[in-house]
Amino acid sequence: MEQTYEIYTGDQDNYDFKRTRHMGFSGAALGVLCHHWYKVLDKVIIGKTFNMVTKKLLLDQFIFSPIMIVTLFGSLALFEKDPVANFKEEVRDKFTTLYQAEWMVWPPAQIINFYFLPTRFRVLYDNTISLGYDVYTSQVKHNKSLKK
């Protein structure tokens, strides 16, 4: 979706299938992490009270969001010419941008996720929200102007 938009706006000439494969690989890695993270959260913090949902939300934002962003850049760096240097550069230049966006999108989404949904539906719900968020993530990842 992001590439279609970039072609439409003239920021990109052609569809980059390699970019899609790399983002797909990264998304699969992140999906596995999400699946297990929600299981751990439900085992550690039991219940759906306001207090319990708040704890899950804070753990998700302060612990898991940074892990997810680092995993995103790390998994994508595997496909770059100099993976270690690329990873360090991406984290340095783009981590804060994505982390700020995480705070805008995920707290309201996770309140719904943690309060209303059983564990077995959490990754599906998360993936639905992620569809839009991942378009932004792809834009940030591939935006050369964010480099300092």
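This one's a predicted model, so the numbers in the text were calculated from it and none came from an experiment.

Per the secondary structure count, the protein chain includes 5 helices and 0 strands. Tracing the protein chain from N to C terminus, the helices and strands come up as α-α-α-α-α. Computed over its C-alpha atoms, the radius of gyration of the protein chain comes to 16 Å, within 12% of the 15 Å expected for a compact globule of 148 residues. Each of the three principal axes of the protein chain carries a C-alpha extent, and together these read 50 × 30 × 25 Å. Scored against the burial criterion, the 148 residues of the protein chain give a buried share of 39%. Accessible area for the protein chain stands at about 8900 Å²; split by element, carbon and sulfur atoms hold 67% of it.

With 34 residues, helix 4 (residues 83-116) should cover 50 Å at 1.5 Å per step; its first-to-last C-alpha distance of 40 Å lies more than 12% under that length. Of all the bends found along helix 4, the most pronounced is centred on Lys94 and spans about 55°.

If you check the domain split of the protein chain, you get domain 1 (1-44) and domain 2 (47-147). Placing a centre on the C-alpha atoms of domain 1 and another on those of domain 2 gives a separation of 11 Å. Each side of the interface is counted separately: domain 1 has 17 residues, and domain 2 has 24 residues. It is Met23, Trp37 and Tyr38 that lose the most area in domain 1 upon contact with domain 2, and together they represent 29% of the buried surface on that side. Taken together, domain 1 and domain 2 are joined by 2 salt bridges. Across the pair Asp42 and Arg122 runs a salt bridge, and its minimum N-O distance is 2.6 Å. At the boundary of domain 1 with domain 2, the tally comes to 9 residue pairs in polar contact (both at pLDDT 80 or more).

Reading the values: the criteria
Residues numbered from 1 in each chain as written. Predicted model: local features only at pLDDT ≥ 70, side-chain atom pairs only at ≥ 80, totals over all residues. Heavy atoms only, no water. Helix = DSSP H or I, 4+ residues; strand = E, 2+ residues; numbered from the N terminus. Rg over C-alpha atoms; globule rule 2.2 N^0.38 Å. Buried < 20%, exposed > 50% of the residue type's maximum accessible area, 1.4 Å probe, protein only. Areas by Shrake-Rupley, 256 points an atom, 1.4 Å probe, with all protein chains shown as cover. Expected span 1.5 Å × (residues − 1). Bend = angle between axes of the 7 residues up to and from the residue. Domains from an automatic or database assignment. Contact = heavy atoms within 4.5 Å. Buried area = accessible area lost by both parts, 1.4 Å probe. Salt bridge = Lys/Arg side-chain N within 4 Å of Asp/Glu carboxyl O. Polar contact = N/O pair within 3.5 Å; in protein donor to acceptor, adjacent residues only side chain to side chain.

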